[in-house]
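# Examination of the molecular architecture
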Amino acid sequence: MGPLLLLMICQCAINSVKMQSFSNPNIILLMADDLGIGDLGCYGNKTLRTPNIDRLAEEGVTLTQHIAAAPLCTPSRAAFLTGRYPIRSGKWHLGMNCESSNDFCHHPLSHGFDYFYGLTVTNFRDCKPGQGSVFLKGVQKTLVIPIQIAGITLVSLAIVHYILNVPFQVFGYCLLIITISLVVLIFFFYNFRHLNCFLMRNHQIIQQPLSYENLTQRLTKEAMQFIGSVLDIYECFVDFNAMTIKWLPQNRNIDAPFLLVLSYLHVHTALYASENFRGKSKHGLYGDAVEEMDWSVVKGNPTEKGLMFYRLDLTTTDLNSSGGKSTNWEGGIRVPGLLRWPGVIQAGTYTDEPTSNMDIFPTIVKLAEAQLPSDRIIDGHDLLPLLQGKVTRSKHEFLFHYCNAYLNAVRWHPGNSESVWKVFFFTPNFSPEDSNGCYDSHVCFCHGGFITQHDPPLLFDLSRDPEEKVPLTPETESRFYEILRVIHQAVDNHTRSLQAVPNQLSWDNLLWKPWLQLCCSSLFQSCYCDYDSGGSPLEVHSG
C-alpha cells in the first residue's frame, strides 16, 4: 500500500503575537495513498506535473532511501502511527465496533484523537461502481477450500443418511446453516458499497455510500475551515487541500500547539479526479489524480497578512503501488520522502541513508516534547539529527520487510560501508507470469504456491543495483556468505524481540457481523443517507 505523506510543522505569528519556539511547533501531517516514487518530478518524472510537491524538494531535503514499513496500506499506516513494525501490533482492518453497533471501539476518537472527518476504511475499488472488486478476488481464493469442505460434508451426510438411516434432520440442519451463510455472504458482497463505503464526521455517518463527486474539494473545504479556525488566532493563511482524515486537539489556543493529520484518497483505487482535472494529464485517470493531489498541497503566501511562516513538510507514501501490492521489491516499498522546514533544515539537500515511515512517530513525539512509551519496543528513530546534519549515519543498520506475518526480506547498511545489502528469503510469483506484479489478484500473496522460496537467499547491493536486476552469487561477491551470516544473526535477534499478538485475520474477525454494522438509515433503505454533498466547491485551477 503507498500513500503520500506530507508532514508539515507550522509556526505562525504576526507583530501582535509572539512567535512560538521551533521546539514546540504546530504539526500538520498529510498522507496520500499508493503514490509511486517515480510519479514525482523531483524524483525524475518528466511527464506528470507536480510543481508544488517538487518545490518542497527544492526548499527542503530529499530522502532517497525512504522505506514504507509494509507493502500494504493498513499495516504500513499502523507502523506510521505507532513507530513499530506491524508484526508487533498485528494491526489490520478491525472494523468499527466490538460489541454493539455504536460502541465505536476502533474509532479514532477512541484512540487519542479529538476530532475526525473522513473515511474510516480503505478506499476500495468496490466503492466506485464500474471499478471491479479487489475484495472479491481475495475472498474467492479464500473460500475455495471452505466451499469444497461444505460440499463434501453435504454429500457425506446424504450418503450416511441413505445407508445408515441417520435422521434427516441432521442433513437438513447442515443444509440450512450452509444456505443461510451463503445468503448472508452474497448479501454482504452485493451491498458492499452501501455497507462499507461511507464518510464520517466524528461518530456520525454523513454520507453512505460515499460519493466521489467533488470529494477532494469537499475534503479540502473541511481542512481549510479547521486550519482557518485555529490559525486565524495567528492571522496565519495556509492553503492545504484535499484531505480525508484529520485528528485535532480539543484545546485550541495560541499557547497550545495542535496536531492535524490529513489523509488523501489519491491515488489508491478506486481512482477518481475532480472535473477540473479529468483528462488533463498524459497518464489517464491515474495521472489526473496525481496532479489534483499536487494542486492540493499548494503553499499559502508566506507574506500574506504580514505573516512570518515556518513549517516542516514531509512527503512520503505508505507504499509504492507501481511494484505491486504486498511486494517488498524496491518498486513496492521505496517511497518519496521530502522534508521542508525553513531555518531548521537546509534547502536543496539529499539524504541517502535508510529512513522509514516508522520514524515519523518518534520524530513528532520529540518535537512535542513528550516521552515515548516505555512499555514497548519502538523501532523508529527521531529524524531531526540526521536531517539537520548533526549525525551522518541512520540508526537503521537493519530494516526488516514483512509480507503479512512472514519475514520476506532484510536490508543491511553496515556502519563502515556505503553498500546497502538486501536479501530475499522468498519472492512472489507474479501473475500474469511475464508481468512485474500480481495483477490477476491485485495483491501478491505471501505463502504456499503464491511464492518461490530461495535457499540461499537472493542477495543484492542496492548501492550498485537499485533495481534489483542481478542477484549476487559467491562467484560475484566474495563476502557473500559473511553477509548472509550477519543478516541471519540480525534476524535471530529481531525474532527474539517479537511477542505473539492476536490473529486479526482469523475467521472470527473476517466474518461479517450484521449486529455491528454501521448504518445511517436502515438495511431496507440500503443504509442510504447524504448530509455532505451540498455547498459550493472550491475554485480550482488545473494548471
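Please read these numbers as outputs of a predicted model, since none were measured by experiment.

Here the protein averages 80 in pLDDT, and 78% of its residues register 70 or above. For the protein, the element scoring lowest by mean pLDDT is strand β1 (residues 5-13), at 45; helix α12 (residues 480-496) scores highest, at 98. Note that pLDDT drops below 50 for residues 233-254; the model gives that stretch 106 contacts with residues more than four away or on any other chain. Confidence drops under pLDDT 50 across residues 299-311; counting only partners more than four residues distant or on other chains, this segment forms 44 contacts.

This part takes up the sheet that holds strand β17 (residues 529-530). On the basis of which strands lie adjacent, the open sheet formed by four strands has the order β5-β6-β7-β17 and antiparallel pairing. If you trace the sheet from one side to the other, it starts and ends with β5 (117-118) and β17, each paired once. Note: strand β7 (residues 204-208) against β17, two bridges, orientation antiparallel. Its bridge partner lying in β17, Q207 is registered against D530.

On to helix α10 (residues 360-367), then. In terms of burial, α10 is a largely internal element, six of the eight residues being buried. Residues of α10 that are buried include every one of I360, P362, T363, I364, V365 and L367, and no others. Once α10 finishes, E369 follows within two positions and takes phi at roughly 55°, a positive value.

All right, on to the state of the cysteines then. Across all of its chains, the model carries six disulfides by this definition. Between the sulfur atoms of C438 and its disulfide partner C444 the distance amounts to 2.0 Å. For the disulfide bridge between C438 and C444, the dihedral angle about the S-S bond is near 100°, and by the sign convention the bridge is right-handed. Judged by relative accessible area, which is 5%, C438 ranks as buried. Judged by relative accessible area, which is 2%, C444 ranks as buried. Residue C520 pairs covalently with C529 via a disulfide, S to S 2.1 Å. Every disulfide takes its handedness from the sign of the S-S torsion; for C520 and C529 that torsion is -115°, giving left-handed. Given the relative accessible area of 5%, C529 is considered buried.

Before going further, it helps to spend a moment on the packing of aromatic side chains. Within the structure shown, the criterion is met by nine aromatic pairs. Here the aromatic rings of F424 and F460 are separated by 6.2 Å at their centres, their planes lie at 85°, and the arrangement is edge-to-face. Placement of F424 in strand β15 (residues 421-428) and of F460 in strand β16 (residues 451-461) is noted, with a sequence separation of 36 residues between them. Using a relative accessible area of 1% as the deciding quantity, one classes F460 as buried.

This part takes up a nonpolar patch on the surface. Among the surface-exposed residues, Y173, L176, I180 and V184 lie close enough to one another that they form a single nonpolar patch of about 390 Å² accessible area. Under the relative-accessibility criterion, I180 is labelled partly exposed at 48%.

The next thing to look at is unusual backbone geometry. Residue A270 is reached from T269 by a cis peptide bond, and omega for that bond is 15°. Relative to the helices and strands, A270 resides in the loop between β8 (259-263) and α8 (284-296). That bond from S431 to P432 is cis: its omega, 0°, falls within 30 degrees of zero. A positive phi angle, close to 55°, is found at E369, a residue other than glycine. Its place among the elements puts E369 in the loop between α10 and α11 (384-387). Positioned with a positive phi, N404 is a non-glycine residue whose angle comes to about 55°. Within the secondary structure layout, N404 lies in the loop between β13 (398-403) and β14 (406-412).

It is worth spelling out the nonpolar core at this point. Counting residues in hydrophobic clusters, the biggest one holds 26 residues, and the most contacted among them are F398, F400, V410 and I487. Going through the elements one at a time, β13, β14, β15 and α12 are the ones with two or more residues in this core. Considering every element that reaches this core, the biggest residue donor is α12, with seven residues. Among residues more than four places away in sequence, those in contact with V410 are F398, L399, F400, H401, W421, K422, V423, F425, I487 and V491. Core analysis: the next-biggest nonpolar cluster, separate from the first, contains 22 residues, A223, I227, V290 and M293 among them.

Within the secondary structure layout, D54 lies in helix α1 (residues 51-58). Between the C-alpha atoms of D54 and Y43, which are eleven residues apart in sequence, the distance is 8.5 Å. If sequence neighbours within four positions are ignored, D54 has contacts with L40, G41 and C42.

Rules behind the numbers
Residues numbered from 1 in each chain as written. Predicted model: local features only at pLDDT ≥ 70, side-chain atom pairs only at ≥ 80, totals over all residues. Heavy atoms only, no water. pLDDT = per-residue confidence, 0-100. Helix = DSSP H or I, 4+ residues; strand = E, 2+ residues; numbered from the N terminus. Contact = heavy atoms within 4.5 Å. Pairing = 2+ DSSP bridges. Buried < 20%, exposed > 50% of the residue type's maximum accessible area, 1.4 Å probe, protein only. Disulfide = S-S within 2.5 Å. Phe/Tyr/Trp six-rings, centres within 6.5 Å; stacked < 30°, edge-to-face > 60°. Patch = residues over 30% accessible without salt bridge, like charges linked within 9 Å, V, L, I, M, F, W, Y side chains within 5 Å. Areas by Shrake-Rupley, 256 points an atom, 1.4 Å probe, with all protein chains shown as cover. Salt bridge = Lys/Arg side-chain N within 4 Å of Asp/Glu carboxyl O. Core = buried A, V, L, I, M, F, W, Y, C linked by side-chain atoms within 4.5 Å.

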